[in-house]
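Descriptive structure summary
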2 protein chains.
Amino acid sequence: MPTINDVAKAAGVSPSTVSYVLSGRRPISAETRARVQAAIAELGFHPHAGARALASSKTNVIALVAPLRVDVNVPVIMQFATAVVTAARSYNHDVLLLTKDEGTAGLERVAHSTMVDALILMDLERDDLRIPALRKLKQPSVLIGLPADHTGIACVDLDFGAAARTALSHLAGHGHRRIGLVGPSPAVYRRQTTYADRFLAGFLEASADLGLRTVTHPCEPGAEGVRSCMADLDAELDGLTALVVHNEEALRPLLDLLRATGRRVPEDISIVAICPRDVAISMPVNLTSIDIPAHDVGTLAVETAMRLLEGRRVEYTRLLEPSLVERDSCREISTSHR
Amino acid sequence: MPTINDVAKAAGVSPSTVSYVLSGRRPISAETRARVQAAIAELGFHPHAGARALASSKTNVIALVAPLRVDVNVPVIMQFATAVVTAARSYNHDVLLLTKDEGTAGLERVAHSTMVDALILMDLERDDLRIPALRKLKQPSVLIGLPADHTGIACVDLDFGAAARTALSHLAGHGHRRIGLVGPSPAVYRRQTTYADRFLAGFLEASADLGLRTVTHPCEPGAEGVRSCMADLDAELDGLTALVVHNEEALRPLLDLLRATGRRVPEDISIVAICPRDVAISMPVNLTSIDIPAHDVGTLAVETAMRLLEGRRVEYTRLLEPSLVERDSCREISTSHR
DNA sequence: TTGAAAGCGTTACCAG
DNA sequence: CTGGTAACGCTTTCAA
């Protein structure tokens, strides 16, 4: 492998000049630049990442801490990861993939050993133990999520509270007055994953504001979970005309169940789902949905990290506006039915 | 951040001694070792990864090149990734995540700039353009998949040919004689993703060996794709009593379709699926299936990479035995029906 | 517009 | 069993 010295000799310049040609951090005459670039190309020179990191204290790598379980939300996580990697590359950075399993120790390991310039975390919990650890790192971090105390740490996410309000006012606008929430699995609530709480809070608030009758219930995965969740909802509030579903896994079995029990969507019951667009349109009924903008959120997380690295100011809490797309699962209720 | 020199001073030894305490590459008296370790702990010393890489020409990072599209096989890809990261950590390595989109350039970039010690690639195509590039790298690589010409490169995968044979002989053993294959999407065949070809070849071979009447068809995603695939299969061979489904995405809509058209599983039609276990048991009918052992394959890929890095011998083609688990989707056909 | 040279923090070789 | 000290390959300050 040729080094910067080899290139310098071949081009008849000093190593520093080669370095400056590469970084563009100082003006170089067109002529020497050309000579240097020719030498680089001819020798197939590639700067050594470790040497660079050592000399410049920059690795051009960011850590992505992802919940690599197989249980929940797999497609969404994948979308986040894809967005983060793609965005990072567009800033000439690479991505080191860590699992959430390693916990605080993993973060400290990569940060202290200077493997990364910044960290992006997903799947934050309400009182996430990793946050105090993050504060002590010299590298900045960006959270995808919104834990309770996030002072001094940049957070990016969909505004789940607003999403719940949007869903309810859409249904209310269609005349619905009795509405059930099919929530995430109890495990998600138990972990206090921040989006579940925020959605639920927004839901209850909007329900009160709009004067609706609502019931909410977590929903275990699988056909059985859906069955029992629906039974609970129906038991606690009869005459349900609409459901808000904040649970990707539940959608398919839920639709199956409704069909099996003779409740047509949207004729007998309307649905607003919170899920990625492609999930919404891959169901037997094209679902009216509020998108989980994983791509935008991931990209924004990287952009925020980059600004932080440049020492620029950032907004420390950035919640993306939800946007509802009307499809085929919501129906106007005539006055007589109200 | 304290350096190795700070530690050396604090412990009253030379930096090289600290280094040797850390690496264990030469005997150290219990006493000095203790002093050094105390100093390390007290100062909170963490070796600088870049400096290490520079001095030792080892990064302790492996690249994982994953197909980060959102379209196909998302859960399986996630399982591979999880297994690779977990296994890598157990060898004290980290994982740099690259997308397949970057193609050959991405591999060369991380390899030439010495960011990684080895590469693991998934989603290989029959005549994958990246393979010649891999051969030129100084770092070893391990493929998850089996492209046509893989001489000199380690490959690890499920034995898809054997999986097809296993599926067919299971069905044949249950008396089935007319069997359809619901294959991956045409896009997968078009890309010549290696597992599709190998499965199909094994299927045709076993079909001939066992004297079966079989038809095969790719299957587009979604309800419509399944409908048209089934129509084709039925048209080309009537009296189908069993299906082999090598298409995760198709499973759910397929079961929906069969139910809608009054074909009960397994009473009227038997099914063997090739898919991860958790997919098989999350369907309305618990499916008899051949597992895609993503965890084992990912772990084995990392192990192979590690052996290669140690300069040890490896088997260059390692195809894992398929294992079929009987559940509720296959039925014995009585002689009268044959 | 360019060059020289001092680091950056480790490792590993050479001595003892 | 331990120490001294060249590398390792690049960036960046200081000078010119």
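As the structure is a computational prediction, the values presented were derived from the model and not from experiment.

What counts as what
- Residues numbered from 1 in each chain as written.
- Chains lettered and ligands numbered in written order.
- Predicted model: local features only at pLDDT ≥ 70, side-chain atom pairs only at ≥ 80, totals over all residues.
- Heavy atoms only, no water.
- Helix = DSSP H or I, 4+ residues; strand = E, 2+ residues; numbered from the N terminus.
- Buried < 20%, exposed > 50% of the residue type's maximum accessible area, 1.4 Å probe, protein only.
- Contact = heavy atoms within 4.5 Å.
- Areas by Shrake-Rupley, 256 points an atom, 1.4 Å probe, with all protein chains shown as cover.
- Lys, Arg positive; Asp, Glu negative; His and termini not counted.
- Charge placed at Lys NZ, Arg CZ, Asp CG, Glu CD.
- Domains from an automatic or database assignment.
- Axes fitted to C-alpha atoms, helices over the stretch in contact; angles between N-to-C directions.
- Parallel < 35°, antiparallel > 145°, perpendicular 65-115°, else oblique.
- Left-handed = near helix turned anticlockwise from the far one by under 90°.
- 1 Å grid on protein atoms, 1.4 Å probe; cavity = no way out; pocket = protein on both sides within 12 Å on 5 of 7 lines; lining within 4 Å.
- Points joined across faces, edges and corners; volume = space filled by probe spheres on them.
- Nonpolar A, V, L, I, M, F, W, Y, C, P; charged D, E, K, R; others polar.
- Buried area = accessible area lost by both parts, 1.4 Å probe.
- Salt bridge = Lys/Arg side-chain N within 4 Å of Asp/Glu carboxyl O.
- Polar contact = N/O pair within 3.5 Å; in protein donor to acceptor, adjacent residues only side chain to side chain.
- Least-squares fit on C-alpha atoms with pLDDT ≥ 70 in both.
- Near = heavy atom within 4 Å.

On to the overall build of chain A, then. Broken down by element type, chain A carries 14 helices and twelve strands. Expressed as a percentage of its 338 residues, the buried residues of chain A come to 54%. Considering only intrachain contacts with a sequence separation of at least 6, the fraction spanning at least 24 residues in chain A is 69%. Accessible area of chain A: about 14,400 Å², with a carbon and sulfur share of 51%. Charge centroids of chain A, computed over 36 positive and 40 negative side chains, lie 6 Å from each other.

By domain assignment, chain A separates into domain 1 (4–47), domain 2 (61–158 + 294–320) and domain 3 (160–292 + 324–337). Here the C-alpha centre of domain 3 of chain A lies 61 Å away from the C-alpha centre of domain 1 of chain A.

The next subject is the packing of helix H5 (residues 74–90) of chain B against helix H14 (residues 294–309) of chain B. Residue and element names in this part refer to chain B. It is at 8 Å that the axes of H5 and H14 come closest, and there the two elements cross at 40°. Between H5 and H14, the angle falls in the class oblique. When you trace H5 past H14, the crossing you get is right-handed. Between H5, through Val76, Gln79, Phe80, Ala83, Val84, Ala87 and Ala88, and H14, the contact on the second element is made entirely by Ala294, His295, Val297, Gly298, Thr299 and Val302.

Turning our attention to empty space enclosed by the protein. In the structure shown here, the tally under the stated rule is two cavities of 30 Å³ or more. The calculated volume of the largest cavity comes to roughly 240 Å³. Considering the residues around the largest cavity, the lining is formed by 16 residues, among which Val61 and Met115 of chain A together with Ala49, Val61 and Met115 of chain B are closest to the centre. Those elements that place two or more of their residues in the lining of the largest cavity are helix H4 (49–56) of chain A together with helix H4 (49–56) of chain B. Of the residues in the lining of the largest cavity, the class split is ten nonpolar, six polar and no charged. What the second largest cavity holds in volume is close to 110 Å³. Lining the second largest cavity are Ala66, Leu68, Ile77, Met78, Ala81 and Leu97 of chain A together with Ala66, Leu68, Ile77, Met78, Ala81 and Leu97 of chain B. Of all the secondary structure elements, the ones that give two or more residues to the lining of the second largest cavity are helix H5 (74–90) of chain A together with H5 of chain B. Taken together, the residues of the lining of the second largest cavity sort by class into twelve nonpolar, no polar and no charged.

Listed as interface residues are 40 residues of chain B and, on the opposing side, 40 residues of chain A. Across the chain B to chain A interface the summed buried area is about 3,700 Å²; carbon plus sulfur atoms make up 67%. At the junction of chain B and chain A, the tally comes to six salt bridges. Between the two partners, chain B and chain A, sit twelve residue pairs in polar contact (both at pLDDT 80 or more). Taken together, the elements giving at least two residues each to the side of chain B that touches chain A come down to H4, H5, strand S2 (94–99), helix H6 (103–112) and helix H12 (248–260) of chain B.

What follows deals with the relation of the copies chain B and chain A. Overlay of chain B on chain A (RMSD 0.1 Å): rotation 180°, translation along the axis 0.1 Å. Seen this way, the second copy is the image of the first under a two-fold rotation axis. Most of the interface of chain B is mirrored in chain A, where 100% of its interface residues are also at the interface.

Before going further, it helps to spend a moment on the protein's contact with DNA strand C. DNA strand C sits among 28 residues. The nearest are Thr17 and Thr32 of chain A together with Ile4, Ser19 and Arg52 of chain B. When atoms of DNA strand C within 4 Å of the protein are split into backbone and base, the sugar-phosphate part holds 50%. Ser16 of chain A has a polar side-chain atom sitting 3.3 Å from a base nitrogen of DNA strand C. Between a phosphate oxygen of DNA strand C and a main-chain N or O atom of His48 of chain B, the distance comes to 3.1 Å. For the surface near DNA strand C, the leading source of residues is H4 of chain B, giving four residues. Broken down by class, the residue content of the surface near DNA strand C amounts to eleven nonpolar, 13 polar and four charged.

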